[in-house]
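Fold and contact review
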Amino acid sequence: MNHIFSHPHSDILTERLLSIGLLVGGLLMSTQMSLGFTLPKWLAFQILFILLIALAGFQKRPLDAIWKTWNGKLILGYFGMLTVYTLFSIAPWTSFWGAASQYQGWITQLLYFSAFCIGMQSGSSLSRALIPMNAGIVLYGLVQMAGLDPLAHFWQGEAALGRTYSTLGNPNFLGAFLVLTWPCLWKERHRGKGAMIALLLA
């Protein structure tokens, strides 16, 4: 499959945007516990992927190659049905944002859809970009484990029974994140000390 970002400078820009955006989004929190860990991340990630898709558009390299695959057709069909459901929902606003505190609504599904598009086209750039995000989240979790969390006073009501949750707000989310990103780190382990350190931390 031809990449959207086939020019060397575009590859570098894509990887840098992914690395910075995923790191910022992964660490982004709000002191308002009702949306402190989830919604700010989704919005940041959505802005990131919209920028990347816009970059692809400016380079006049269409995304249509994705829709020629079965995976692409299935994902497109799913997102299309979800959009129709949201439009005709009895609670469209809730369907758009999702219910607290997970916010797994249309806007979050748009994030997944955008990530799928970028992942299909940018190849291993997405895997490499996960390295700083993983390292940042794990390091903050280690700070929590050591009892040195500088923001601990904000999270007293959400202490998760003493379990570590890092910037993800829930120990289960943290565990799932580590399990899901570990294969990407393993894939990129040969790329240098940064990847190996992140792998060891995870």
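Rules behind the numbers
- The residue numbering used here restarts from 1 in each chain and proceeds along that chain's sequence as written.
- Residue-level local features of this predicted model are given only where pLDDT is at least 70; pairs of side-chain atoms are given and counted only at 80 or more, and the full residue set underlies all totals for whole chains, interfaces and linings.
- By convention in this description, side-chain values take in all heavy atoms of the structure and omit both hydrogens and water.
- Each helix is a run of H or I in the DSSP string that is no shorter than four residues. Each strand is a run of E no shorter than two, and both are numbered from the N terminus.
- Polar contact criterion, stated in full: a pair of N or O atoms within 3.5 Å, where within protein one must be able to donate a hydrogen and the other to accept it, and residues adjacent in sequence count only if both atoms are side-chain atoms.
- Patch criteria: residues need more than 30% relative accessible area and no salt bridge. Like-charged residues are merged within 9 Å; nonpolar side chains of Val, Leu, Ile, Met, Phe, Trp and Tyr are merged within 5 Å.
- To measure how exposed things are, a 1.4 Å probe is used in the Shrake-Rupley method; for residues, cover is taken only from the protein chains shown.
- Between Lys or Arg on one side and Asp or Glu on the other, a salt bridge is scored when a side-chain nitrogen of the former is within 4 Å of a carboxyl oxygen of the latter.
- Buried means the residue's accessible area, taken with a 1.4 Å probe over protein chains only, is under 20% of the maximum for its type, while exposed means over 50%, and partly exposed covers the values in between.
- To qualify as a nonpolar core, a set must consist of buried Ala, Val, Leu, Ile, Met, Phe, Trp, Tyr and Cys residues joined through side-chain atoms within 4.5 Å.
- Each pair of aromatic rings taken from Phe, Tyr and Trp, with Trp reduced to its six-membered ring, is defined by centres within 6.5 Å and is described as stacked if the planes are under 30 degrees apart, edge-to-face if over 60, and tilted in the remaining cases.
- In our convention, an over-ring charge means Lys NZ or Arg CZ found within 6 Å of a ring centre and within 35 degrees of that ring's normal.
- Here the expected span of a helix is defined as 1.5 Å times the quantity of residues minus one.
- For every residue, the predictor states its confidence as a pLDDT score lying anywhere from 0 to 100.
- Contact definition: two residues touch when any of their heavy atoms are within 4.5 Å.

1. Brief notes about the side chain of T181
- By the element assignment, T181 lies in helix α7 (residues 171-187).
- A distance of 2.8 Å separates a polar atom in the side chain of T181 from a polar atom in the side chain of N134.
- Among the polar contacts listed, one links the side chain of T181 to the backbone oxygen of F177, at a separation of 2.8 Å.

2. Points about a nonpolar patch on the surface
- Together, V84, L87 and F88 give the surface a local cluster of nonpolar side chains, amounting to about 370 Å² of exposed area.
- Topologically, F88 is positioned in the loop between α3 (70-87) and α4 (92-97).
- With a relative accessible area of 69%, F88 lands in the exposed category.

3. Digging into the nonpolar core
- Counting 18 residues, the largest nonpolar core has L18, L22, F45, F49, L52, M133 and I137 as the members making the most contacts within it.
- Mapped onto this core, the elements with two or more residues apiece are α1 (8-27), α2 (39-58), α5 (106-122), α6 (125-145) and α7.
- Broken down by element, this core gets its largest block of residues, six residues, from α2.
- Ranked by size, the runner-up nonpolar core spans seven residues in total, among them F79, L82, L110 and F113.

4. Some points on the packing of aromatic side chains
- One pass over the structure, following the stated rule, counts six aromatic pairs.
- Seen in terms of ring centroids, W93 and W97 are 5.9 Å apart; in terms of plane orientation they differ by 75°. Their pairing is edge-to-face. Note that W93 and W97 are positioned in helix α4 at a spacing of four residues, about one turn of the helix.
- Accessibility expressed as a relative area gives 22% for W97, which makes it partly exposed.
- Arranged with centres 5.1 Å apart and planes meeting at 90°, the rings of F96 and W97 form a pair that is edge-to-face.
- Through pairs of rings, three or more aromatic residues link up here, namely F79, W93, F96, W97, W106 and F113.
- The aromatic ring of W70 is capped on one face by K73, whose charged end is 5.3 Å from the ring centroid.

5. Digging into α6
- For α6, which comprises 21 residues, the first-to-last C-alpha distance of 31 Å matches the rise-based estimate of 30 Å (1.5 Å per residue) to within 8%.
- The buried fraction of α6 amounts to 15 of the 21 residues, a majority that puts the element mostly inside the structure.
- Taken from the residues just after α6, G147 is the one with a positive phi, measuring 75°.

6. A closer look at the environment of L18
- Summarising the element assignment, L18 is placed in helix α1.
- A C-alpha to C-alpha distance of 7.7 Å links L18 and S125, two positions 107 residues apart in sequence.

7. A look at the confidence of the model for the protein chain
- This prediction gives the protein chain a mean pLDDT of 76; 74% of its residues lie at or above 70.
- Every residue in residues 1-7 is under pLDDT 50, and counting partners more than four places away or in other chains gives 26 contacts.

8. A word on the side chain of S89
- With respect to the helices and strands, S89 occurs in the loop between α3 and α4.
- When its relative accessible area of 13% is taken as the criterion, S89 is described as buried.
- In terms of polar contacts, S89 uses its side chain to reach the side chain of S95, at 2.7 Å.

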